[in-house]
Amino acid sequence: MLFTLAISKKRCIFAVSTIHLSYYYTMEKRYSYDYPRPMVATDCVVFGFDGYGLKVLLVRRGGEPYADYWALPGGFMQMNETAEECVKRELKEETSIEPFHIEQFHTFTAVKRDSRDRVLSIAFFALSDLKEVEGGDDVKEARWFDLNDIPDLAFDHTEIIAMASKSLRERIAFEPIGFEMMPETFSMTYLQRLYEAILGIKFDRRNFYRKILTLGILERADGKQSAWLSKMKGEYKPEDYPENKGEKRRGAPSRIPYLYKFNREKYDLLKKKGNGFRLEF
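All values derive from a computational prediction rather than experimental measurement.

**A short note on the sheet that holds strand β9 (residues 218-220)**
In any sheet, the strands associate via hydrogen bonds between backbone groups, in a parallel or an antiparallel arrangement.
Then, number 1: With respect to topology, three strands assemble into an open sheet ordered β8-β10-β9, the strand pairing being antiparallel. The two strands at the open ends of the sheet, each matched to only one other strand, are β8 (186-187) and β9.
Then, number 2: Bridge analysis of β8 against strand β10 (residues 259-262) gives two bridges, and the strand direction is antiparallel. Following the sheet pairing, S187 is matched in β10 by L259.

**Brief notes about the environment of F208**
Then, number 1: In this fold, F208 is placed in helix α5 (residues 205-215).
Then, number 2: A relative accessible area of 0% places F208 in the buried class.
Then, number 3: On a C-alpha basis, the gap between F208 and T189 in space is 9.5 Å, while along the polypeptide they are 19 residues apart.

**Remarks on the packing of aromatic side chains**
Then, number 1: Taken as a whole, this structure holds 12 aromatic pairs when the rule is applied.
Then, number 2: Site record: aromatic cluster; members linked through ring pairs are F179, F186, Y195, F203, F208 and F262.
Then, number 3: Cation over ring: R220 sits above Y258, and NZ or CZ is 3.8 Å from the ring centre.

**Re helix α3 (residues 157-172)**
Helical geometry note: an α-helix holds 3.6 residues per turn, so side chains three or four residues apart project in the same direction.
Then, number 1: Here α3 contains 16 residues, and its C-alpha end-to-end distance of 22 Å stays within 8% of the 22 Å for a straight helix at 1.5 Å per residue.
Then, number 2: Turning to α3, its buried residues number three or more, namely H157, I160, I161, A164, S165, S167, L168 and I172. When α3 is viewed along its axis, its buried side chains cluster within an angular range of 165 degrees and face the same direction.

**Notes on the packing of α3 against helix α4 (residues 188-199)**
Then, number 1: Between α3 and α4, whose axes approach to 9 Å, the crossing angle comes to 130 degrees. Between α3 and α4, the angle is such that the two are oblique. When α3 is examined against α4, the residues L168, R169 and I172 are found in contact with a partner set consisting of Y195, I198 and L199.
Then, number 2: Grouping the constituent residues of the contact of α3 with α4 by class yields five nonpolar, no polar and one charged.

**Regarding the layout of surface pockets**
Gaps between atoms show up when a probe of the same size as a water molecule is rolled over them.
Then, number 1: Considered as a void within the structure, the second largest pocket measures approximately 350 Å³ in volume.
Then, number 2: Taken together, 24 residues form the lining of the second largest pocket, with R61, G74, G75, R116 and F155 sitting closest to its centre.
Then, number 3: Those elements that place two or more of their residues in the lining of the second largest pocket are β1 (39-49), β2 (54-61), β4 (74-76) and α2 (83-95).
Then, number 4: For the lining of the second largest pocket, the class distribution of residues is eight nonpolar, six polar and 10 charged.

**A few points about the pattern of salt bridges**
Then, number 1: Scanning the entire structure with this criterion turns up 18 salt bridges.
Then, number 2: Note that E98 is salt-bridged to K92, the shortest N-O span being 3.8 Å.
Then, number 3: One salt bridge in this structure joins R116 and D114, with 2.7 Å as the shortest N-O distance.
Then, number 4: Overall, the relative accessible area of 6% leaves D114 in the buried class.
Then, number 5: Linked through salt bridges whose partners overlap, the residues forming this network are R60, D68, K140, E141 and R143.

**Considerations on the nonpolar core**
Then, number 1: With 42 residues, the main nonpolar core has V45, F47, F125, M188, L191 and L218 as its most contacted residues.
Then, number 2: Looking at this core element by element, the count peaks at six residues for α4.
Then, number 3: Once residues within four sequence positions are removed from consideration, L218 is found in contact with F186, M188, L191, I212, Y260, K261, F262 and N263.
Then, number 4: In this structure, L57, V59, I102 and A142 belong to the second largest nonpolar core, which totals 16 residues.

**What about the pairing of β1?**
Then, number 1: For β1, the tally of buried residues reaches nine of 11 residues, placing the bulk of the element in the interior.
Then, number 2: Bridge count between β1 and strand β6 (residues 119-127): nine bridges; the pairing is parallel. Each residue of the ladder has a partner; that of M39, found in β6, is V119.
Then, number 3: Bridge count for β1 against β4 is three bridges, and the pairing is antiparallel. Bridging across to β4, T42 finds its partner in G75.
Then, number 4: Connecting β1 to the next strand, β2, in antiparallel fashion are four residues, including G51 with a positive phi near 100 degrees.

**Observations concerning the confidence of the model for the protein chain**
Then, number 1: Confidence in the prediction for the protein chain averages 81 pLDDT; 74% of positions are at 70 or higher.
Then, number 2: Looking over the protein chain, one finds the lowest element-wise mean pLDDT in helix α1 (residues 2-28), namely 44, and the highest in strand β3 (residues 70-71), namely 98.
Then, number 3: This stretch, residues 1-25, has a pLDDT under 50; its non-local contacts, to residues over four places away or in other chains, come to zero contacts.
Then, number 4: Low pLDDT (under 50) marks residues 245-253, which in the prediction has four contacts with non-local residues, meaning those over four places away or in another chain.

Rules of the game
Residues numbered from 1 in each chain as written. Predicted model: local features only at pLDDT ≥ 70, side-chain atom pairs only at ≥ 80, totals over all residues. Heavy atoms only, no water. Pairing = 2+ DSSP bridges. Helix = DSSP H or I, 4+ residues; strand = E, 2+ residues; numbered from the N terminus. Buried < 20%, exposed > 50% of the residue type's maximum accessible area, 1.4 Å probe, protein only. Phe/Tyr/Trp six-rings, centres within 6.5 Å; stacked < 30°, edge-to-face > 60°. Lys NZ or Arg CZ within 6 Å of the ring centre and 35° of its normal. Expected span 1.5 Å × (residues − 1). Arc of directions from axis to C-beta. Axes fitted to C-alpha atoms, helices over the stretch in contact; angles between N-to-C directions. Parallel < 35°, antiparallel > 145°, perpendicular 65-115°, else oblique. Contact = heavy atoms within 4.5 Å. Nonpolar A, V, L, I, M, F, W, Y, C, P; charged D, E, K, R; others polar. 1 Å grid on protein atoms, 1.4 Å probe; cavity = no way out; pocket = protein on both sides within 12 Å on 5 of 7 lines; lining within 4 Å. Points joined across faces, edges and corners; volume = space filled by probe spheres on them. Salt bridge = Lys/Arg side-chain N within 4 Å of Asp/Glu carboxyl O. Core = buried A, V, L, I, M, F, W, Y, C linked by side-chain atoms within 4.5 Å. pLDDT = per-residue confidence, 0-100.

Now the structure itself:
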């Protein structure tokens, strides 16, 4: 009799536990529905600059689909990461780089953009100097290509690059993001070439110099204020600029151009303001 009672108690406890677990599971999954879900990936267009034209970083795929095709670095998002964490992880794994500036610009949702499954791609563009890159993870190779000489690409990556280029052109007129692709010190001619490469237009040299210097985000590498800016502020003293004295002899070589660097504090302040930067010519 005691034995039967003990068994009954165990069954009772088991039954109560089962009901409790069932109730817990039902409550936890209460708003979970069984329907097809798309997969989510990230792709990144990394821009660089070689002093004359824009470069784009591509990887050669190691597996199907599109084995051996060039493509944008990227991959599937894991359950425990954000889209930005995913794209940064994929960039580091596939190309070994960690870009200075990265931002999301579009989501590509064409139904048949990936033959494997229903895949959405959250697209980013990034800016980097031309670092050495090394293919890793599931890619065979990583390499910089001229933006105007891109090979046939996997998936819809040609379309992604085109939209990334358009987004970069729009952003650089209102935010000084292009400076992320510059070396530590640079000539004004180098900077002008960068803006011309991104915007696809030619600038008058004097107007470009004046506009950029007026923004106040550059300083000469030798620590001096530019002569033009000193004159604009009424602070110009000829003795402070001995390099400007004397006449240039016909046939003599042009003087070495000044090198500039960023005033990082003012640059970051302009980025935070958002509308504090507007590049018009």
